[in-house]
Amino acid sequence: MTVSARAAICRGNSEPFKIEDVELDDLRPDELRVRVVACGVCHTDMAVRDEQLPVPHPVVLGHEGAGIVEEVGSAVTVAKPGDRVVMSFNSCGECPSCSVDAPTYCYNFFPHNWSGKRADGSAVMFKDGEPMNANFFGQSSFATHAIAHEQNTVKVPDSAADIPLERLAPIGCGLMTGAGAVLRSMEVREGMPIAVFGAGTVGMAAIMAARIAGADPIIAVDVNDERLALAKELGATHTFNGKEGATDKIRDLVPQGLGYAFDTTGINTIIQDAWGLLAPMGICGIVGASSPEDDLTFNESEFMGGGRRVMGILGGDSDVGPFLCELIEYHQKGQFPFEKLIGYFDFDQINEAIHASEDGSVVKPVLRISKE
Ligand code: CXF
Ligand code: ZN
């Protein structure tokens, strides 16, 4: 028996998202149906809207959902009906990456996250009886209800029962990526200097995590002074405006070079400048979405001679459940105050929320979809 839902349908960037009636399929053994309470808006949603990523249209987006489980398939162990959950990206659970708990590098990432259907090609969502494109990041949470999976669902620990789901919703994407890049991918060492380029959700999460790791100094670079002020509140010891000679200022501040340069901008000239600031054994971590045509150029002898590294990072090397629970614990201890990034919007204000993300007025818009 299918279940009725309302979902925001994306038909490209020439028209606004429109909330319409849809139906959700019956659950497969490894699936859960979640009543969505809230969902964050991420730049990847807009990249798909703008057809920069190969996700078929029309489509129901949204991949930072949180909600309450209504029903589970026979093989689900991660949560039960009534549980509070957050959803993240999906993975196959079986490939060489998944088998070493590195699901962000899942060999089968596309069919499980971006094909618009289940990995076996079947539809999870229908409109007027016709198959829709959904199952985006294994959830499609710009909707009142989502079908999620054993692999991308995390039960919120009972110890975090007092944290509202509308706050926890965005933890499974940009926050996880920035924090994981620092704590897991680059394993930032105490007392070592780091510079973070770009102070959006990912950059801000990296700054909070750098403080947790004890990095020093923690340098934030952005072109928006308000963002830089917020970065300082969250842990940056120094902030430089990228339009005002940031590279030279970093070189003056840290003459020995950076232990870590973390780029969230995806702009190759910024990445190359950042790489040029590295100390011996320094790591340049890259998470920004760059143009597919862009190349990076580094000097070979500096690269080899200093043992410098360039590290492509996806999803902060998160293993989903354990890492999201670790981040919730930091949040409870006041060490990961990501609520300062959030601005709330009602579900029917989805187009305003997207606009607020694009004009930079809100770092992390979150849609309120139903009452907890
Ligand atoms: C994703 C990319 C794949 C791993 C998790 C995060 N980014 C989404 O915006
Ligand atoms: Zn995202």
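Preceding this section is the structure that the text describes.
Below is a summary of the structure that appears in this document. The structure displayed is predicted, hence computed values, not measured ones. (Residues numbered from 1 in each chain as written. Chains lettered and ligands numbered in written order. Predicted model: local features only at pLDDT ≥ 70, side-chain atom pairs only at ≥ 80, totals over all residues. Heavy atoms only, no water.)

1. What about the overall build of the protein?
When helices and strands are tallied, the protein shows 11 helices and 18 strands. Seen through its principal axes, the protein has C-alpha atoms that stretch 65 × 45 × 40 Å. For the protein, the share of sequence-separated contacts (at least 6 apart) that also reach a separation of at least 24 residues comes to 68%. If you sum the accessible surface of the protein, you get close to 15,300 Å²; carbon and sulfur atoms cover 49% of it. Within the protein, the 52 negative side-chain charges are centred at a point lying 4 Å from the centre of the 29 positive side-chain charges. (Helix = DSSP H or I, 4+ residues; strand = E, 2+ residues; numbered from the N terminus. Contact = heavy atoms within 4.5 Å. Areas by Shrake-Rupley, 256 points an atom, 1.4 Å probe, with all protein chains shown as cover. Lys, Arg positive; Asp, Glu negative; His and termini not counted. Charge placed at Lys NZ, Arg CZ, Asp CG, Glu CD.)

2. Digging into the sheet that holds strand E16 (residues 309-312)
Pairing between the strands of a sheet is mediated by backbone hydrogen bonds and can be parallel or antiparallel. A sheet is described by the order of its strands in space; here 6 strands give the open sequence E13-E12-E11-E14-E15-E16, paired in parallel fashion. In this open sheet, the two edge strands, each paired with only one partner strand, are strand E13 (238-241) and E16. Sheet twist, expressed as the average angle between the axes of neighbouring strands with direction ignored, equals 15°. Direction of pairing for strand E15 (residues 278-286) relative to E16: parallel, over a ladder of 4 bridges. Bridging from a neighbouring strand, glycine 285 pairs with methionine 311 of E16. (Pairing = 2+ DSSP bridges. Axes fitted to C-alpha atoms, helices over the stretch in contact; angles between N-to-C directions.)

3. Quick look at the coordination of the zinc ion (ligand 2)
Protein coordination at the zinc ion (ligand 2): the donors are Cys42 (SG), His63 (NE2) and Cys173 (SG), at 2.0 to 2.2 Å from the metal. One can describe the site at the zinc ion (ligand 2) as tetrahedral: its 4 donor atoms subtend angles covering 91 to 130° at the metal. As a motif over one chain, the donors of the zinc ion (ligand 2) read C-x20-H-x109-C. You can see histidine 63 sitting in the loop between strand E4 (59-60) and strand E5 (65-72) and its partner cysteine 173 sitting in the loop between helix H3 (165-168) and helix H4 (174-185), a full 110 residues away along the chain. (Donors = N, O, S within 2.8 Å, 3.2 Å for Na, K, Ca; no water. Tetrahedral: all angles 85-135°; square planar, octahedral: opposite > 155°, others 65-115°.)

4. Comments concerning the pairing of strand E18 (residues 364-368)
Taken across its 5 residues, E18 has 4 buried, putting it largely inside the fold. Pairing of strand E3 (residues 31-40) with E18, which is carried by 3 bridges, proceeds in the antiparallel orientation. Among the inter-strand pairings, glycine 40 is bridged to a residue of E18, identified as valine 366. As judged from the 5 bridges shared by strand E17 (residues 342-346) and E18, these two strands associate in the parallel manner. Directly across from aspartate 346, in E18, lies its bridge partner arginine 368. (Buried < 20%, exposed > 50% of the residue type's maximum accessible area, 1.4 Å probe, protein only.)

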